[in-house]
Amino acid sequence: MKFFIDTANLNQIKEAQDLGVLDGVTTNPSLMAKEGITGANNILKHYVDICEAVEGDVSAEVISVDFQGMVKEGEQLASLHPQIVVKIPMIKDGIKALKYFSDLNIKTNCTLIFSVGQALLAAKAGATFVSPFIGRLDDISTDGLSLISEIREIYDNYAFETEILAASIRHTMHIIDCAKIGADVMTGPLSAIMGLLKHPLTDSGLKKFLEDYKKGN
Ligand code: G3P
């Protein structure tokens, strides 16, 4: 399972990278705005800064909603750095753009996936990743994890190479549940990743080991 961090915060990206378990980064316009990164030039520069801070894929989202605009923007984003993955929304022109970039062997991430039908269509168009937003489904009393399971079943039925990138991960249990189901990738906040290492018995066990070591010295 690949671990991506879902943020535009460089400090958090570097902290996850330092841990040695990071496979990539996902961003979106909201995450950029949250860090105060605004204006086209600043946003493009920030993508390059992120690429230079990590080794893996870095999803950069287009803001155009028409095919020609997505192609122009996506090509500009892809030319910024070899690690860039062009993130494209699940809309009609987005499907055309996924196919266009797939034919050029440019990596894509189809975002805002909320149904199996959308995931099937994105895979048919050759998306490298699909991003089902499980937290936002949970928010409206719909089981986000079930969507991951159903996409897994369909992709396995036909050996689609598109990777399931579980997105809108809100907490540590989301990561564990996605791992059980077989999501290829998860993208979540640093807090959810760090939550994986916590256990009170580890803390108390380590404390005792260190105390006992001191007794013998
Ligand atoms: O990866 C998608 C993510 O950024 C959306 O997360 O928490 O805004 O639903 P959230």
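Residues numbered from 1 in each chain as written. Predicted model: local features only at pLDDT ≥ 70, side-chain atom pairs only at ≥ 80, totals over all residues. Heavy atoms only, no water.

1. Some remarks on the packing of helix α6 (residues 116-124) against helix α8 (residues 144-158)
Working step 1: For the pair α6 and α8, interaxial distance at closest approach is 9 Å and the crossing angle is 40°. When the axis of α6 is compared with that of α8, the two are oblique. The handedness of the crossing between α6 and α8 comes out as right-handed. Facing α6, whose interface residues are V116, A119, L120 and A123, α8 presents L147, E150, I151, I154 and Y155.
Working step 2: Here the residues of the contact of α6 with α8 are counted per class, giving eight nonpolar, no polar and one charged. (Axes fitted to C-alpha atoms, helices over the stretch in contact; angles between N-to-C directions. Helix = DSSP H or I, 4+ residues; strand = E, 2+ residues; numbered from the N terminus. Parallel < 35°, antiparallel > 145°, perpendicular 65-115°, else oblique. Left-handed = near helix turned anticlockwise from the far one by under 90°. Contact = heavy atoms within 4.5 Å. Nonpolar A, V, L, I, M, F, W, Y, C, P; charged D, E, K, R; others polar.)

2. Regarding the pairing of strand β4 (residues 84-89)
Working step 1: The buried fraction of β4 amounts to six of the six residues, a majority that puts the element mostly inside the structure.
Working step 2: Residue alternation in β4 divides its side chains into two sets, I84, V86 and I88 and V85, K87 and P89, and both sets are buried.
Working step 3: Here strand β3 (residues 57-61) pairs with β4 via four bridges, running parallel. Opposite E61, over in β4, you have K87 as the bridge partner.
Working step 4: For the crossover from β3 across helix α4 (residues 67-80) to β4, the handedness is right-handed.
Working step 5: The β-α-β motif built from β4, the intervening helix α5 (residues 92-103) and the parallel element strand β5 (residues 108-113) has right-handed crossover chirality. (Buried < 20%, exposed > 50% of the residue type's maximum accessible area, 1.4 Å probe, protein only. Pairing = 2+ DSSP bridges. Right-handed = clockwise from strand over helix to strand, strands pointing away.)

3. What to know about α4
Working step 1: Helix length check: α4, at 14 residues, gives a terminal C-alpha distance of 20 Å against a target of 20 Å (1.5 Å per residue), a fit within 8%.
Working step 2: Of all the residues in α4, the buried ones are G69, M70, V71, E73, G74 and L77. (Expected span 1.5 Å × (residues − 1).)

4. Quick notes on the packing of helix α1 (residues 10-19) against helix α3 (residues 40-53)
The geometry of a pair of packed helices is captured by two quantities: the angle between their axes and the separation between those axes.
Working step 1: Remark: α1 packs on α3, axes separated minimally by 10 Å, with the N-to-C direction vectors making an angle of 15°. Classified by the interaxial angle, the pair formed by α1 and α3 is roughly parallel. Handedness of the α1/α3 crossing: right-handed. Only H46, D49, I50 and A53 of α3 make contact with α1, whose side of the interface consists of L10, I13, K14 and Q17.
Working step 2: Residues belonging to the contact of α1 with α3 are distributed by class as follows: four nonpolar, two polar and two charged.

5. A closer look at the environment of V25
Working step 1: Positionally, V25 belongs in strand β2 (residues 24-26).
Working step 2: In sequence terms V25 and S59 are 34 residues apart; their C-alpha atoms lie 6.3 Å from each other.
Working step 3: Residue contacts for V25: discarding those within four places in its chain leaves F4, I5, T7, I13, I50, V54, D57, V58 and S59.

This is a description of form; function is not addressed.
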